Each structure stands twice: as C-alpha cells, then as structure tokens.
Amino acid sequence: MWPDAEAALIAWLTPRLGVRVCTDAPADLDQAVPLVRLHRIGGRDDGFRLDHALVDVDAFAATRADAVALATRTRAMLLGSLPGSVVRVPAVVFTAVSTVSAPSWRPWENPGVIRIGATYAVRLHAA
C-alpha cells in the first residue's frame, strides 16, 4: 500500500513549525494565520511501495515578512531535516526532498492574508 504523503508531512511538520499545518485553508483564514497548507498535486509511484509525491506548500501570514519567514523555515526543515525521518502514523520513511519551485508570492483572494508558496518533490515509502 502506498503511504499517505499529505498525512505524513502534516504529522512531521506540525510539531516542528509550531503552527497549524493542514490540507484545506479554514474559512476564517485571516484569523487563523500563521499556518501552512499543503496538498499533493501529482507525482509518480512504483505501483507497490515507493512514492515520489509533488507537494504544493503554502505559508500564510498577516504580513509579507512573516509569510516569507514561515516559508523559508518550512523549506529549510524539508530540505535539511526531513530526509531520513520516520513518521509512525502513518508509518512512513522520507528518503529525499528537492525543490521544484522555490518559495514565491502567490495571489490570494483576501488582501489581508499573504501567501508564499513553493513546490517540492518528496520521496517516501511505507515503513
């Protein structure tokens, strides 16, 4: 069975970032920032166990400086600390991470919320 990349990333990132990490932006986003939203946008697998997920990661904050800082911290953790990490639930081992699209400003419908987004390729397999 393939691992759940989104659930595993949320489980790994949440305690390290100290902010909410989710797959859907809450309706009260302007009151919930800072937060990180991530979702799988594609990738490939071997049909058995290995997963190569493409994951969009958006950092939301009330100011551009705070959003950039959160996106930068998230990127540093993903690239520097995630490879080799194990998540118990779901049982996943992360083997590699690379940047597909570096953090940059992305539009958002609420001008009171700043969004900085990036895309990462994350390799993982079931533990």
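Up top is the structure.
Residues numbered from 1 in each chain as written. Predicted model: local features only at pLDDT ≥ 70, side-chain atom pairs only at ≥ 80, totals over all residues. Heavy atoms only, no water.

**Topic: the packing of aromatic side chains**
- A full pass over the atoms with the stated rule returns 1 aromatic pair.
- Ring geometry for F60 against W108: centres 4.8 Å apart, planes inclined by 65 degrees, an arrangement best described as edge-to-face. Pair noted here: F60 is in strand β3 (residues 50–61) and W108 is in the loop between β5 (92–106) and β6 (114–126), with a separation of 48 residues, a long-range link.
- On the basis of relative accessibility, which here comes to 0%, the residue F60 falls in the buried class. (Phe/Tyr/Trp six-rings, centres within 6.5 Å; stacked < 30°, edge-to-face > 60°. Helix = DSSP H or I, 4+ residues; strand = E, 2+ residues; numbered from the N terminus. Buried < 20%, exposed > 50% of the residue type's maximum accessible area, 1.4 Å probe, protein only.)

**Here we look at the sheet that holds strand β2 (residues 35–45)**
- With mixed pairing, 6 strands are arranged side by side in an open sheet as β1-β2-β3-β6-β5-β4. Lying at the two open borders of the sheet, with one neighbouring strand each, are β1 (20–22) and β4 (86–87).
- Here 10 bridges tie β2 to β3, and the two strands are oriented antiparallel to one another. Bridge pairing links D45 to D51 in β3.
- Each of β1, β2, β3, β4, β5 and β6 touches helix α1 (residues 5–17); the most contacted strand, β2, lies at about 145 degrees to it.
- In the packing of helix α3 (residues 64–80) onto the sheet, the strands contacted are β2, β3, β5 and β6, and the crossing angle to β5 comes to about 155 degrees. (Pairing = 2+ DSSP bridges. Contact = heavy atoms within 4.5 Å. Axes fitted to C-alpha atoms, helices over the stretch in contact; angles between N-to-C directions.)

**Observations concerning α3**
- With 17 residues, α3 ought to run about 24 Å at 1.5 Å a step, and its terminal C-alpha atoms sit 24 Å apart, in line with that.
- The set of residues buried in α3 consists of A67, L70, A71, T74, M77 and L78. Down the axis of α3, the buried set is contained in an arc of 130 degrees. They therefore lie on one face. Turned more than 90 degrees off the buried face of α3, the exposed positions are A65 and G80. (Expected span 1.5 Å × (residues − 1). Arc of directions from axis to C-beta.)

Read these as geometric descriptors, not functional statements.
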